[in-house]
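Here are the chains, one letter per residue:
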Amino acid sequence: LVFLGASCTMSRAILLAAVFFSLVFLSVADIEFTEVPADIVIAEGDAAEFICLFTSTNPASVTWQKDGVAVIPSSRITITSSSITIDPTVEGDNGTYSCIVNDQVDLTTETRSAELEFACKIRLYSA
């Protein structure tokens, strides 16, 4: 009977451990990007749009940064849950734009970045 009792206790411990590990596994954040920002080369003055689409097992939020600094919406800059649009672009808008997805349950973060560059300007002079 003692052996059977020990076996039963061991089985309960294994079952509790399995349930615990299953619960921990289910709470792990799963952020998967379905569309990431792509590098853009445009003429200054044109509109630029970066798109960032993702799925997540937990509630998540998106923030945008340019060169490591939070982007603030303005009359030229529109931010939605999945994109940032700059229209028109001006000098100083070029740089690295990052889509930062923050998991609100597990506090994990995933980031994807892209570059905005201006095409060279060609000036023609008449002789």
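This report concerns the structure included in the present document. (Residues numbered from 1 in each chain as written. Predicted model: local features only at pLDDT ≥ 70, side-chain atom pairs only at ≥ 80, totals over all residues. Heavy atoms only, no water.)

Some details on the sheet that holds strand 8 (residues 83–86)
Selection rule: For two strands to be treated as a pair, DSSP must find at least two bridges joining them. Comment: elements are numbered from the N terminus, with helices defined as DSSP H or I runs of at least four residues and strands as E runs of at least two. To obtain an axis, a line is fitted to C-alpha atoms, over the contacting stretch when the element is a helix, and the angle between two such axes runs from 0 to 180 degrees between their N-to-C directions.
An order of 3-8-7 is seen for the three strands of this open sheet, with the pairing classed as antiparallel. Sheet topology places strand 3 (48–51) and strand 7 (77–79) at the edges, where each strand pairs with a single neighbour. Ignoring strand direction, the axes of neighbouring strands in this sheet form an average angle of 10 degrees. By the bridge criterion, three bridges tie strand 7 to strand 8 in an arrangement that is antiparallel. Residue Ile79 lies in a different strand from strand 8, and its bridge partner there is Ile84.

Remarks on the state of the cysteines
Rule in force here: Throughout, a disulfide means two cysteine sulfur atoms within 2.5 Å of one another. Only protein chains enter the accessibility calculation, which uses a 1.4 Å probe; a residue is then buried when its area is under 20% of its type maximum, exposed when over 50%, and partly exposed in between.
Under the defined criterion, the tally for this structure stands at one disulfide. Paired by a disulfide, Cys52 and Cys99 hold their sulfur atoms 1.9 Å apart. On the S-S bond that ties Cys52 to Cys99, the torsion sits near -70 degrees, and the link is left-handed. Of this pair, Cys52 sits in the loop between strand 3 and strand 4 (53–56) while Cys99 sits in strand 9 (residues 95–103), and the two are 47 residues apart along the sequence. In this structure Cys52 comes out as buried when scored by relative accessible area, which is 1%.

Some points on the environment of Thr57
What counts, and what does not: Counting of polar contacts relies on pairs of N or O atoms within 3.5 Å, with two restrictions inside protein: one atom must be capable of donating a hydrogen and the other of accepting it, and residues adjacent in sequence are counted only when both atoms are side-chain atoms.
Along the chain, the position of Thr57 falls in the loop between strand 4 and strand 5 (60–66). C-alpha of Thr57 to C-alpha of Val105: the two residues are 48 residues apart in sequence and 9.7 Å apart in space. Here Asp30 takes part through its backbone nitrogen, which lies 3.3 Å from a polar atom of the side chain of Thr57.

Regarding the pairing of strand 10 (residues 109–118)
With three bridges joining them, strand 2 (residues 40–42) and strand 10 adopt parallel strand pairing. Within strand 10, the residue paired with Val41 across the bridge is Glu117. Where strand 9 lies against strand 10, eight bridges are found, and the strand directions are antiparallel. Within strand 10, the residue paired with Tyr97 across the bridge is Ala114. Two successive antiparallel strands, strand 9 and strand 10, enclose a turn made up of five residues, where Leu107 displays a positive phi of approximately 60 degrees.

Read these as spatial facts, not as claims about activity.
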